[in-house]
Amino acid sequence: MIEKMNELKSKLNEEIKNISSTRELEDLRVKYFGKKGYVTEISSHMKDLSNDEKREFGMQLNSLRNDLEVLFYEKKNILIDKELRETLEKEKIDITLPADNNDVGTLHPLTRITNEIEELFVSMGYDVVSGPEIERDLYNFELLNLPKGHPARDAQDSFYITEEMLLRTHTSPVQARTMIANQEKTPIRIICPGAVYRRDEDDRTHSHKFHQIEGLVIDENISMSDLKGTLELAMKHLFGEERELRFRPSFFPFTEPSVEVDVSCFKCGGEGCAICKGTGWIEILGSGLVHPNVLKNCGYDPKKYSGFAFGFGPERIAMLKYGISDIRSFYTNDLRFLNTFNRMDGEN
Ligand code: DAH
């Protein structure tokens, strides 16, 4: 029996040499230690022995078991180590390979212009505020000195939802909302960028949805010169230091006096070209001093307070600045159009 045990040890010593994976090693273990394995087979002889022999045989058997276990254990460690190295080798990542060309998004041209204007006004102490796009007639028209039946309402063909609710036709209602929320607290210095809606047929220069940026300043002793200085700074920032501004008398129900502001053509410098349609000037925004009725309607005493307001369109500014000829390109999400702005990253 001892001989058989020794044979078994040398047999395993031989067989284990040819094992090259933990899986094969597990199969081999079953061959030795499994239910029908060699070791089990040898132990089955125990029952044929006398008690003394049994004790001796038991000791031998334990020692054999230990020896075989050690062989398995050592081999297993070697194989685990080998397999780990193979896996690491196989899964090695070459970090020097060029990366996949990931498409990176870019800021929408309108966001770009809006950010630029927001940053400028915030640096001058303005707050950026917003208001609802579904607006009450009260804020959109009435408080802004456009009572029901006022002819100037027709100029802003509106999407009414109910008799009293509509999609706001301009960002000016935020002027009224801000004043009412502040109740004679001054100064107010806000800009409000946002979407507005009008019943227009969409074409190259019209869209039923577009954007405006509204500005409002209320304090004591605000005058036309404050308005001029502020707009001059903003337009030079947007279109270049050499730009000049021209103020033309105009009419808006919510300002008195009202002006329309032109900027000298940034393309031809005022000589006359296709962009300025030969005039040398580009019409850019509407503004004026806040009408006393609007101040009164919104809780400010016009004898004590005055203010200026302005409103302009980021679409128009982006179209001029980036040479975009169709306003619809802003909303159709054509990547060929949007990707042209990738190249402008890093610029203002
Ligand atoms: N709300 C005007 C429009 O949509 C633009 C405008 C003009 C806004 C004069 C103003 C302003 O604040 O003072 O056409």
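Residues numbered from 1 in each chain as written. Predicted model: local features only at pLDDT ≥ 70, side-chain atom pairs only at ≥ 80, totals over all residues. Heavy atoms only, no water.

Draft legend 1. Spatial organisation of the overall build of the protein chain. Scanning the protein chain from terminus to terminus reveals 11 helices and nine strands. For the protein chain, the C-alpha radius of gyration of 42 Å lies well beyond 20 Å, the compact-globule estimate for 348 residues. Expressed along its principal axes, the backbone C-alpha trace of the protein chain runs to roughly 125 × 45 × 40 Å. Burial statistics for the protein chain: of 348 residues in total, 39% are counted as buried. Within the protein chain, counting contacts between residues at least 6 apart in sequence, those at least 24 apart form 67% of the total. If you average the places of the 46 positive and of the 59 negative side-chain charges in the protein chain, the two averages end up 4 Å apart. (Helix = DSSP H or I, 4+ residues; strand = E, 2+ residues; numbered from the N terminus. Rg over C-alpha atoms; globule rule 2.2 N^0.38 Å. Buried < 20%, exposed > 50% of the residue type's maximum accessible area, 1.4 Å probe, protein only. Contact = heavy atoms within 4.5 Å. Lys, Arg positive; Asp, Glu negative; His and termini not counted. Charge placed at Lys NZ, Arg CZ, Asp CG, Glu CD.)

Draft legend 2. Spotlight on unusual backbone geometry. Looking along the chain, the bond that leaves threonine 186 and enters proline 187 is cis, with omega of -5°. For proline 187, the position within the fold is in the loop between α7 (173-182) and β4 (188-197). Of note, the amide linkage connecting glutamate 256 to proline 257 takes the cis form, showing an omega dihedral of -5°. If you trace the backbone, proline 257 turns up in strand β7 (residues 255-264). With a phi angle near 45°, glutamine 183 is a residue other than glycine that sits in the positive phi range. With respect to the helices and strands, the residue glutamine 183 is situated in the loop between α7 and β4. Although it is not a glycine, lysine 277 sits at a positive phi angle of roughly 50°. The residue lysine 277 is located in the loop between β7 and β8 (281-290) in this model.

Draft legend 3. Spotlight on the pattern of salt bridges. Considering all chains together, one arrives at 24 salt bridges under this definition. A salt bridge links arginine 243 to glutamate 242; its shortest N-O distance comes to 3.7 Å. Aspartate 262 is paired through a salt bridge with arginine 248; the nearest N and O atoms lie 2.8 Å apart. With aspartate 262 in strand β7 and arginine 248 in strand β6 (residues 245-252), this residue pair connects regions lying 14 residues apart in the sequence. When salt bridges that share partners are traced, they join Arg136, Asp137, Glu142, Lys148, Arg153 and Glu164 into one network. (Salt bridge = Lys/Arg side-chain N within 4 Å of Asp/Glu carboxyl O.)

Draft legend 4. Layout of the domain arrangement of the protein chain. Along its sequence, the protein chain is carved into domain 1 (2-91) and domain 2 (109-345). Here the C-alpha centre of domain 2 lies 88 Å away from the C-alpha centre of domain 1. (Domains from an automatic or database assignment.)

Draft legend 5. Geometry of the site of the ligand. Neighbouring the ligand are 16 residues, the closest being His170, Ser172, Arg198, Gln212 and Glu214. Measuring from a nitrogen atom of the ligand, one finds a side-chain N or O atom of histidine 170 at 2.9 Å. Between the ligand and the protein, one listed contact pairs an oxygen atom with a side-chain N or O atom of glutamine 175 at 3.0 Å. Against a free-state accessible area of 360 Å², the protein chains account for coverage of 91% of the ligand. At the level of secondary structure, the elements contributing two or more residues to the shell around the ligand comprise β5 (209-219), β8 and β9 (306-312). Residues of the shell around the ligand, tallied by class, amount to four nonpolar, 10 polar and two charged. (Near = heavy atom within 4 Å. Polar contact = N/O pair within 3.5 Å; in protein donor to acceptor, adjacent residues only side chain to side chain. Areas by Shrake-Rupley, 256 points an atom, 1.4 Å probe, with all protein chains shown as cover. Nonpolar A, V, L, I, M, F, W, Y, C, P; charged D, E, K, R; others polar.)

Draft legend 6. Highlighting helix α8 (residues 224-239). With 16 residues, α8 should cover 22 Å at 1.5 Å per step; its first-to-last C-alpha distance of 22 Å lies within 8% of that length. Those residues of α8 that fall on the buried side of the exposure criterion are Leu227, Thr230, Leu231, Ala234, Met235, Leu238 and Phe239. For α8, the arc enclosing every buried residue in end-on projection is 135°, short of the 170-degree limit, so these residues lie on one face. Where α8 ends, the next residue or the one after it, glycine 240, has phi of about 115°, a positive value. (Expected span 1.5 Å × (residues − 1). Arc of directions from axis to C-beta.)

Draft legend 7. Spotlight on the packing of helix α5 (residues 109-123) against α8. It is at 11 Å that the axes of α5 and α8 come closest, and there the two elements cross at 140°. Taken together, the axes of α5 and α8 are oblique relative to one another. At the point where α5 passes α8, the crossing takes the right-handed sense. The residues of α8 that touch α5, namely those facing Glu116, Ile117, Leu120 and Phe121, are Thr230, Leu233, Ala234, His237 and Leu238. (Axes fitted to C-alpha atoms, helices over the stretch in contact; angles between N-to-C directions. Parallel < 35°, antiparallel > 145°, perpendicular 65-115°, else oblique. Left-handed = near helix turned anticlockwise from the far one by under 90°.)

Draft legend 8. Just helix α10 (residues 314-322), in detail. Most of α10 sits out of view: seven of its nine residues are buried. For α10, the set of buried residues is Pro314, Glu315, Ile317, Ala318, Met319, Leu320 and Tyr322. Where α10 is buried, its residues contact α5, β5, α8, β8 and β9.

Draft legend 9. Quick look at the pairing of β9. The buried fraction of β9 is high, at five of seven residues. Of the pairings in the sheet, the one linking β5 to β9 comprises seven bridges and is antiparallel in character. Residue pairing for β9: leucine 216 is matched across the bridge by alanine 309. Alignment of β8 against β9, held across five bridges, turns out to be antiparallel. The residue of β9 that forms the bridge with leucine 289 is phenylalanine 308. (Pairing = 2+ DSSP bridges.)

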